[in-house]
Every structure is written in structure tokens, then in C-alpha cells.
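Okay, here's what each chain looks like letter by letter:
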Amino acid sequence: MPDSVTNTSLEFPSTYFDLGIIGGGLAGLSLSILMAKAGYKVILFEKEKYPFHRVCGEYISLESRRFIESLGVNLSNLDLPIITKLIVSSPNGNFIKSKLDMGGFGISRFFIDNELKKIAVDSGVLLKEKTKVNEVVFNDDMFDVMFDGGKVNCKVTAACYGKRSNLDIKWSREFIRQKPGKLNNYIGVKYHVKTAFPDDTIALHNFKEGYCGLSKIEGDKCCLCYLTTAQNLKANNNSIKEMEQNVLCRNPFLKKIFSTAEFVFKEPVTISQISFDKKSLIENHALMIGDAGGMITPLCGNGMSIALHSAQIASESINSFLQKTISRRKMEEQYSSQWKTHFESRLSNGRMIQKLFGKEKMTNFFIALIKHFPFLINEMIKVTHGKEF
């Protein structure tokens, strides 16, 4: 991306924007910063009010560090936990340890999203918080973006709203039409806890029909985030507490954590209807970015990096289109091609690895089998991570 360009929207009314972004997570915020710094007129819609918590494992692969700092977040001054080790346990308490070749760092979404929000606003992004986008219509080479309280016209629209949105239903996206199955009917639950846990380690504790991640973030807290099936919750009277006691705590590691940790949240942050099915990358000419374009299974610990990287590759294609060096069709093809090059195999590997974990008997057997070959776990992690960008 160039450092600056001629603002292409000076001759247009105040309701015109070069880029409209729906969703202010890592993908949306980083894309908005890149494009605003390049001189474009950008509007960003976020239905919540910053800062706020999101369901997320809050571990970022070190492949993203340089990119995040290029956006303006000085990670070196934050004294964040650097994570270089992994523990994986099976539901029966058997476990293995492994080193992480690349590693990562822990940081809460509450903190990093708010930092990126400040940078976006300072860069000239028009931020519309607590604003829900109701409809996006493409007509005459422009988008009408309708939201609570008004409408704007955007030359390009990027959907960065995460795992699921009302727009997915309006657009009747294919993954929405799928019947509940092995890859599309999960729930996520997140807490922040205080417990004795090493700064340099991330743990993945398996239980029947799910797994739970634990790692340090800023402020000497840990992020405890788990994924399980909707059926698991239903079998426990739709009670998260009952499910934690009856299912998660059968793993002795999780039993100790839930029995001794100090839970910072009164109630967990939750999300339902999570899907790992393949998703389309273009919908009605809108670019689907981050989890909206495809979600890697959380046990791979790399969704945040994919969101950030996808924003970077999208910015390059959008910039070329707005500079009129490529057509809209070419922009869409170029973005889709770059996404597939960088992420398709990683998402596919994530879905494959997902099948090895979460099933009680299979996970117990698998962990016992590779206990003496811990390097195999690191090899599995490698195929879900990328290179520094």
C-alpha cells in the first residue's frame, strides 16, 4: 500500500465513502486503519461499544507481531506474556508437552480492539459504534449500506463481522442453509480467571465433545475459553454451570481450574451457532474478511492472525480497485486467490485436526499413542500457521 493517495471522494457528498466496513474486530479495525492512512474515506460500523469482551482464545501467533506494530500498537511496551510451550491433555487426564516453534503472545480482545479503535479514529475513520447494519444492496456499481439511523453509499464494502451475522441470513449464505452437523453447531464460552499458570505456556484440555484453552494475557490474568457442541449443552439442561461440572470437570486439569481459580467475570461471554464449514469469500460483491470468510478451529490457536492477515491482503486489492488499475471483478478474483493461497490449506488442516480432538475415546487413545512423540503435536500446529507478514 502507498503511504498516501489522492482522496477519490472529495467531489462526493458526505454520505459517500470509498470503503464501508461492517464489523469492528481485528479484521475490520486493521483494514480501516490501512485504508484511512492511505488517504481513503472510510466508515466502520460496530454494533457494540468499545471496549468490550469477545469470545476468543486471546492468543496471537508471532507471525502477526510486526504487522500489528505497523498499525501503531507498540507491543514491546506492554510486557505481554510470550508463549513458547504447549500442554495437551485428554479427557482422562493423560497429557503431553511440546515446544512451539513460532509461538505467540497473549493479549485480551478488550485491550487490543480498543487500542486499534483509537488508532482508527485518529487515522480519520468515521466510527459508528452501537450501530447495526440491517441491509447491504449493490446497485449501479455502488453499495447502499442501511443501518439503524440512516444510509450511506460505499464504493467498496467489506464484511468483517466475525462468525455470524444477520447479513448472513439476509444473503442466504450456504453455510447458513446447512443442517446442524459436525462442523457447524458449536458454542463458545470465555472467562478471564486468575490462577497459578506459567506465562510461557498455552494449555489445551480436552473433554467430551469439546476442548478448553488456557493461557496468560495482560494484567496477570488468564483467558479460559472453551468450545463444545450445542448438543452437549442441551444434554445438561441448557445450563453452562451444569455442563462445566458434569462434563468439563471430568478432566482433572479442568476440575482443578474450575475449583480453585478466581473468576473475574460474574458471567461468561458466550456465542452460539459457530460454524467451521467452508464459506464464500464474495457475497453480492462484498468482500468477506476474517471469520466472515472462513473460521479456523480454535484449537489451532490462529484465528486472530488469519483475521489480521486477511485484512492486509484485502487492502491491497481494494487499493488497486479504488486507484482504477483493476476492475471490480479483478479485485474480487485477486482477493479470493490470495485468501486461498494463504489460508485454504490451513483451514482445511484445522478441520482435519478438529476430528482428532473432542471425542472422548478417540482423544484418550490419540494422546496415549503420541505421548512419546510430542514433536508430532508441533508438526500439527505448523500446518495451521503461516509465515510472518
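Residues numbered from 1 in each chain as written. Predicted model: local features only at pLDDT ≥ 70, side-chain atom pairs only at ≥ 80, totals over all residues. Heavy atoms only, no water.

A.B. asks: Where do I start with unusual backbone geometry in this structure?
C.D. replies: Only a minority of non-glycine residues have a phi that is not negative, and only a minority of peptide bonds are not trans. Tyr50 connects to Pro51 through a cis peptide bond whose omega is -10°. Its location among the elements puts Pro51 in the loop between strand E2 (42–46) and strand E3 (59–61). The phi dihedral of Asn237 falls on the positive side, at around 60°, and the residue is not glycine. By the element assignment, Asn237 lies in the loop between helix H6 (230–234) and helix H7 (240–246). For Asn237, a relative accessible area of 59% puts it in the exposed group. Within the chain, Lys324 stands out as a residue other than glycine whose phi angle is a positive 65°. Along the chain, the position of Lys324 falls in the loop between helix H9 (303–322) and helix H10 (328–354). (Helix = DSSP H or I, 4+ residues; strand = E, 2+ residues; numbered from the N terminus. Buried < 20%, exposed > 50% of the residue type's maximum accessible area, 1.4 Å probe, protein only.)

A.B. asks: Honestly, the packing of helix H1 (residues 26–37) against H9 in this entry has me stumped. Any pointers?
C.D. replies: Pairs of packed helices are described in terms of their axes, by the angle between the two and the distance that separates them. Where H1 meets H9, the closest approach of the two axes is 8 Å, and the angle between their N-to-C directions is 35°. Crossing hand, H1 versus H9: right-handed. Of the residues in H9, those in contact with Leu26, Ala27, Ser30, Leu31, Leu34 and Met35 of H1 are Met304, Ala307, Leu308, Ala311, Gln312, Ser315, Ile318, Asn319 and Leu322. A class-by-class count of the residues in the contact of H1 with H9 yields 11 nonpolar, 4 polar and no charged. (Axes fitted to C-alpha atoms, helices over the stretch in contact; angles between N-to-C directions. Left-handed = near helix turned anticlockwise from the far one by under 90°. Contact = heavy atoms within 4.5 Å. Nonpolar A, V, L, I, M, F, W, Y, C, P; charged D, E, K, R; others polar.)

A.B. asks: Where do I start with the packing of aromatic side chains in this structure?
C.D. replies: Aromatic ring pairs are described here by two measures, namely the spacing of the ring centres and the angle between the planes. For the structure shown, the criterion picks out 11 aromatic pairs. Ring geometry for Phe138 against Phe143: centres 4.9 Å apart, planes inclined by 55°, an arrangement best described as tilted. A centroid spacing of 6.0 Å and a plane angle of 85° characterise the contact between Phe207 and Tyr226, whose relative ring orientation is edge-to-face. Of this pair, Phe207 sits in strand E11 (residues 201–207) while Tyr226 sits in strand E13 (residues 222–229), placing them 19 residues apart in sequence. For the residue pair Phe207 and Tyr226, the accessibility class agrees, reading buried in each case. Three or more aromatic residues joined by ring pairs make a cluster, and in this case those are Tyr191, Phe258 and Phe263. Its end group placed over the ring of Phe175, Lys279 keeps NZ or CZ at 4.5 Å from the ring centre. (Phe/Tyr/Trp six-rings, centres within 6.5 Å; stacked < 30°, edge-to-face > 60°. Lys NZ or Arg CZ within 6 Å of the ring centre and 35° of its normal.)

A.B. asks: How do you make sense of the state of the cysteines when you look at a structure like this?
C.D. replies: As used in these notes, a disulfide is a covalent bond between sulfur atoms, one from each of two cysteines. One pass over the structure, following the stated rule, counts 0 disulfides. No disulfide involves Cys160; its sulfur sits 12 Å from the nearest other cysteine sulfur, which is in Cys154. Of all cysteine sulfurs, the one in Cys223 lies closest to Cys225, which takes part in no disulfide; the gap is 5.2 Å. A relative accessible area of 15% places Cys225 in the buried class. (Disulfide = S-S within 2.5 Å.)

A.B. asks: Can you walk me through the confidence of the model for the protein chain in this structure?
C.D. replies: Detailed conclusions should not be drawn from predicted coordinates in areas where pLDDT is low. Here the protein chain averages 91 in pLDDT, and 94% of its residues register 70 or above. Confidence drops under pLDDT 50 across residues 2–12; counting only partners more than four residues distant or on other chains, this segment forms 21 contacts. (pLDDT = per-residue confidence, 0-100.)

A.B. asks: Which parts of the structure should I look at to understand the pairing of E13?
C.D. replies: Strand residues, when the strand is regular, have side chains that alternate between the two faces of the sheet. Buried residues dominate E13, accounting for 8 of its 8 residues. On E13, burial covers both faces: Cys222, Leu224, Tyr226 and Thr228 on one face and Cys223, Cys225, Leu227 and Thr229 on the other are all buried. As paired elements, strand E12 (residues 210–216) and E13 share 7 bridges and run antiparallel to each other. Bridge assignment links Lys216 to a residue of E13, and that residue is Cys222. Linking E12 back to E13 in an antiparallel pair, the connection comprises 5 residues, with Gly219 at a positive phi of about 75°. (Pairing = 2+ DSSP bridges.)

A.B. asks: Can you walk me through the packing of H1 against helix H3 (residues 109–122) in this structure?
C.D. replies: Contact geometry of H1 with H3 gives a least axis separation of 9 Å together with a crossing angle of 20°. Comparing their axes, H3 and H1 come out roughly parallel. The hand of the H1/H3 crossing is left-handed. Residue-level contacts link Leu26, Leu29, Ser32, Ile33 and Lys37 of H1 to Arg109, Ile112, Asp113, Leu116, Lys117, Ile119 and Ala120 of H3. For the contact of H1 with H3, the class distribution of residues is 7 nonpolar, 1 polar and 4 charged. (Parallel < 35°, antiparallel > 145°, perpendicular 65-115°, else oblique.)

A.B. asks: Just checking my understanding: could you explain the nonpolar core for this structure?
C.D. replies: Among soluble globular proteins, nonpolar side chains are generally buried collectively. Core analysis: the largest hydrophobic core is formed by 57 residues, its most contacted members being Leu19, Leu31, Ile289 and Ile318. Listing elements by their share of this core, those giving two or more residues are strand E1 (16–22), H1, E2, helix H2 (65–71), H3, strand E9 (150–159), H9 and H10. Among the elements that make up this core, the one with the highest residue count is H9 (10 residues). Those residues within four positions of Leu31 in sequence are excluded, and the remaining contacts are Leu19, Ile21, Ala158, Cys160, Ile289, Ala311, Ser315 and Ile318. (Core = buried A, V, L, I, M, F, W, Y, C linked by side-chain atoms within 4.5 Å.)

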